[in-house]
Amino acid sequence: MDQSATFARHFARLVSLLMHEVSNVDEQKVTLRALVALSKNGPVTLSVRELDLLANGKPVPGALTGVQDVAAQMSAQSIRAMRIDVDSVPADLLGLARIIATQSPPGDGGAHVSQKFEALGAETIELVLTQGDIAPVPVVAASAAASAPAPATPTSITPSDAPTVLAPKEGKTAAEAMAARLGQDAPTLLTHLAGADVSKWVPAELIAVLDAAKTPDAATKALDDLVSIAEHSVRVGKSMAVGDVLHGVITRESKASAPDVKRAYVLAIRRMSKPAILRAVAALIPKKPERRQHFFEVLVRTGEDGADALIEQVTQAQTTEDRKSLFDVLTELDSAVPALIRMLGDSRWFVARNAADLLGEMTARAAESALIALLRHTDDRVRRSATNALLKLGTPDALKGIYEAVSDNSPEVRMQAAVALSTKKDARTSTTLIRAIEDETDGDVQLAMIAALGRVATADAVLKLVKMAEPEGRLFRKKAINIRVAAVQALGEAKTPAALSALRELAGDKDRDVRDTATRALAHTSR
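Residues numbered from 1 in each chain as written. Predicted model: local features only at pLDDT ≥ 70, side-chain atom pairs only at ≥ 80, totals over all residues. Heavy atoms only, no water.

Enquirer: Summarise the overall build of the chain; cite the residues concerned and give the values.
Expert: What the chain contains, in helices and strands, is 29 helices and five strands. Expressed as a percentage of its 527 residues, the buried residues of the chain come to 49%. Intrachain contacts of the chain at a sequence separation of at least 6 include 64% that bridge at least 24 residues. Total accessible area on the chain is roughly 25,100 Å²; 52% of this is exposed by carbon and sulfur atoms. (Helix = DSSP H or I, 4+ residues; strand = E, 2+ residues; numbered from the N terminus. Buried < 20%, exposed > 50% of the residue type's maximum accessible area, 1.4 Å probe, protein only. Contact = heavy atoms within 4.5 Å. Areas by Shrake-Rupley, 256 points an atom, 1.4 Å probe, with all protein chains shown as cover.)

Enquirer: Provide a residue-level description of the packing of helix α27 (residues 481-494) against helix α29 (residues 512-526), including the pertinent values.
Expert: When two helices pack together, their arrangement is given by the angle between the helix axes and by the axis-to-axis distance. Running from N to C, α27 and α29 point in directions that differ by 10 degrees, and their axes come no closer than 9 Å. Comparing the axis directions of α27 and α29 gives the class roughly parallel. Counted together, Ile481, Arg484, Val485, Val488, Gln489 and Gly492 of α27 and Asp513, Val514, Thr517, Ala518, Ala521 and Thr525 of α29 form the full contact between these two elements. When the residues that make up the contact of α27 with α29 are grouped by side-chain class, the tally is six nonpolar, four polar and two charged. (Axes fitted to C-alpha atoms, helices over the stretch in contact; angles between N-to-C directions. Parallel < 35°, antiparallel > 145°, perpendicular 65-115°, else oblique. Nonpolar A, V, L, I, M, F, W, Y, C, P; charged D, E, K, R; others polar.)

Enquirer: Which residues make up the nonpolar core, and what values do they have?
Expert: One finds Leu226, Leu246, Leu310, Leu330, Leu371, Ile450 and Leu491 to be the most contacted residues of the largest nonpolar core, which totals 113 residues. Those residues in contact with Leu371, other than ones at most four positions away along the chain, are Leu344, Ala356, Leu359, Ala386, Ala389, Leu390 and Leu393. Core analysis: the next-biggest nonpolar cluster, separate from the first, contains 36 residues, Leu35, Leu38, Ile84 and Leu129 among them. (Core = buried A, V, L, I, M, F, W, Y, C linked by side-chain atoms within 4.5 Å.)

Enquirer: Could you give an account of the packing of aromatic side chains, naming the residues involved and the relevant values?
Expert: One pass over the full model with this rule turns up one aromatic pair. For the cation-ring pair, Arg381 lies above Trp349, with the distance from its terminal atom to the ring centre recorded as 3.6 Å. (Phe/Tyr/Trp six-rings, centres within 6.5 Å; stacked < 30°, edge-to-face > 60°. Lys NZ or Arg CZ within 6 Å of the ring centre and 35° of its normal.)

Enquirer: Describe helix α18 (residues 336-343), listing the residues and the values that go with them.
Expert: Considered for burial, the residues of α18 that qualify are Ala336, Val337, Ala339, Leu340 and Met343. Considered in projection along α18, the buried side chains sweep an arc of 160 degrees and stay on one side of the axis. Each element contacted by the buried residues of α18 is listed here: α16 (303-315), α17 (320-330) and α19 (349-361). (Arc of directions from axis to C-beta.)

Enquirer: Summarise the pattern of salt bridges; cite the residues concerned and give the values.
Expert: Within the structure shown, the criterion is met by 26 salt bridges. Across the pair Glu231 and Arg13 runs a salt bridge, and its minimum N-O distance is 3.4 Å. Of this pair, Glu231 sits in helix α10 (residues 216-236) while Arg13 sits in helix α1 (residues 4-20), and the two are 218 residues apart along the sequence. The burial state of Glu231 is the same as that of Arg13; both residues are buried. What emerges from the salt-bridge pattern is a single network uniting Arg9, Lys221, Asp224, Asp225 and Arg271. (Salt bridge = Lys/Arg side-chain N within 4 Å of Asp/Glu carboxyl O.)

Enquirer: Tell me what's going on with the pairing of strand β1 (residues 44-49), and back it up with residues and numbers.
Expert: The pairing of β1 with strand β4 (residues 79-84) spans four bridges and is antiparallel. For Thr45, the partnering residue across the bridge sits in β4 and is Arg83. Where β1 meets strand β2 (residues 52-55), four bridges bridge the pair, whose relative direction is antiparallel. Counterpart to Leu46 in the pairing with β2 is Ala55. In sequence, β1 turns back onto β2 through a hairpin of two residues, with Glu50 there showing a positive phi of about 50 degrees. (Pairing = 2+ DSSP bridges.)

Enquirer: For the sheet that holds β2, give the residues involved together with the corresponding values.
Expert: Within the open sheet, the five strands sit side by side as β3-β2-β1-β4-β5. Their pairing is antiparallel. The two strands at the open ends of the sheet, each matched to only one other strand, are β3 (58-59) and β5 (125-129). The strands that α1 touches are β1, β2 and β4; relative to β1, the one it contacts most, it runs at about 70 degrees. Strands β4 and β5 of the sheet are contacted by helix α4 (residues 90-101), whose axis makes an angle of about 165 degrees with β4.

Enquirer: How would you sum up the pairing of β2? Please name residues and give values.
Expert: By the bridge criterion, two bridges tie β2 to β3 in an arrangement that is antiparallel. The residue bridging Ala55 from the neighbouring strand is Lys58, located in β3.

Enquirer: Which residues make up unusual backbone geometry, and what are the values?
Expert: Most peptide bonds take the trans form, and the phi angle of most residues other than glycine is negative. You will see that Asn56, though not glycine, has its phi angle at about 50 degrees, which is positive. Within the secondary structure, Asn56 sits in the loop between β2 and β3. The exposure class assigned to Asn56 is buried, which follows from its relative accessible area of 1%. The phi dihedral of Lys495 falls on the positive side, at around 60 degrees, and the residue is not glycine. Within the secondary structure, Lys495 sits in the loop between α27 and α28 (497-506).

Enquirer: Just give me the short version of the side chain of Ser4, but keep the residues and values in it.
Expert: Of note, Ser4 is situated in helix α1. Judged by its relative accessible area of 2%, Ser4 falls in the buried class. Ignoring sequence-local partners within four residues, the contact set of Ser4 consists of Val44, Ala55 and Asn56.

Enquirer: Break down the environment of Lys324 for me, citing the residues and quoting the values.
Expert: Note on placement: Lys324 falls in helix α17. Taking the C-alpha atoms as reference, Lys324 lies 8.2 Å from Val314; in sequence the two are ten residues apart.

Enquirer: Describe α19, and please don't skip the residues or the numbers.
Expert: With 13 residues, α19 should reach 18 Å at 1.5 Å per residue; the first-to-last C-alpha distance of 19 Å fits that figure. Within α19, the full set of buried residues consists of Val351, Ala352, Asn354, Ala355, Ala356, Leu358, Leu359 and Gly360. Looking at the buried residues of α19, the elements they touch are α16, α17, α18, α20 (368-374) and α21 (380-393). Immediately beyond the C-terminal end of α19, within one or two residues, lies Thr363, with a positive phi of roughly 50 degrees. (Expected span 1.5 Å × (residues − 1).)

Take a look at the structure:
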């Protein structure tokens with residue numbers, strides 16, 4: 001079977017990535033590996049005719065990603081044709097794609113390309129220019145290319161020769177053969193698949209083609225088409241089509257046994273594991289709860305990429321119900337915690353903060369050391385979230401980190417640490433808070449620590465509150481009324497015998513605010 005069109009589509013995609021997504025190295029590697037695998041099927045000649053890209057003499061649909069880029073670049077660079085040998089090496093393929101992706105000086109007759117190609121020193125690729133020096137390009141019929149190795153001494157094209165590529169022999173195409181196996185609806189199916197307009201492709205029909213594929217080449221072609229429809233569906237906002245394609249491919253991957261087919265599935269899933277595609281799938285969870293298991297399977301299979309997409313949806317959920325449905329799925333993903341821990345190191349403060357909040361909600365003890373390290377983050381908003389997350393973990397080391405946060409440089413972090421510690425009713429907590437109150441200079445933080453002592457309610461905590469509620473301080477200086485009132489309120493929260501005894505005395509205090517607060521606290525306690 002002639003797989004030159006599939007090769008051309010992958011090559012065009014690689015060129016497009018090098019031109020428009022230079023930093024997307026992972027996707028470039030995946031596409032290059034696919035090209036290397038496809039080159040094992042036979043030599044391919046890519047040529048240009050009136051700005052149309054041809055693969056072994058057959059047009060490649062211009063609607064596919066990168067095809068028009070390759071055709072335009074070849075024309076601008078005065079390249080008539082390129083021949084890629086069977087089993088072409090990765091370095092040659094990548095070098096050629098980089099040459100095509102590079103802008104050449106206008107009107108140089110191919111001099112720039114010739115210089116670059118000579119420097120590449122490719123041994124498995126040849127090309128011919130419309131002007132200037134010519135590298136020989138063997139002319140191989142597409143029908144022979146799929147079955148015969150390259151001749152030892154190939155026929156070459158001279159400057160006066162037309163860059164002719166023989167058309168493939170007549171007979172059934174791969175699509176026709178697959179359609180015939182699908183039954184009486186084959187003509188309708190071919191109408192959808194033969195055209196270049198991806199928008200007319202139907203996921204269910206493409207999956208049917210995949211199911212009918214009897215050879216690795218046919219499966220690779222069907223998977224390639226499914227990737228294209230998934231990418232197109234994301235662009236036009238057809239999220240359900242994206243979910244159908246991904247779930248259809250993933251459920252069939254486990255049934256593939258042939259190594260070549262297995263590899264084709266892996267490559268297709270990698271190509272579809274893009275943030276935009278996976279976000280579209282994750283966003284379907286609250287919208288289509290009846291399909292929750294399908295989307296869960298997709299996110300599980302795509303690992304941390306799927307977890308990243310789901311995490312983003314959780315943090316951006318518009319309603320409490322949507323967030324809950326997304327969060328429930330997140331807690332079931334094994335890859336969610338590693339993905340969140342990685343996000344703690346993100347340079348954007350809000351990403352690290354959101355990750356810390358979610359790790360706390362998930363009680364992810366595996367994140368303990370990373371969250372403790374986050375207490376040294378430069379942004380106090382991140383440190384506050386880390387403090388709260390550590391409290392929810394409740395491990396000894398996590399609590400130790402919170403005790404240290406009571407002395408943080410940020411008042412907001414100190415306040416958050418005090419609130420967090422108020423749930424621990426032990427001597428260490430009361431001792432830590434009592435010492436911190438003595439050194440605290442921020443009034444709001446001091447009030448938060450007083451309230452925390454009331455919730456801790458140990459004997460030491462109550463004794464400290466009684467002293468703070470007394471009317472006179474050191475050297476008989478009158479205490480601030482707000483501190484006294486806060487201490488009285490904390491005694492009402494404590495409700496221990498010592499606290500109640502102190503409240504009865506304070507109910508007769510000379511200060512009206514203190515007196516009224518103590519009276520209300522006693523009344524509340526009696527109720």
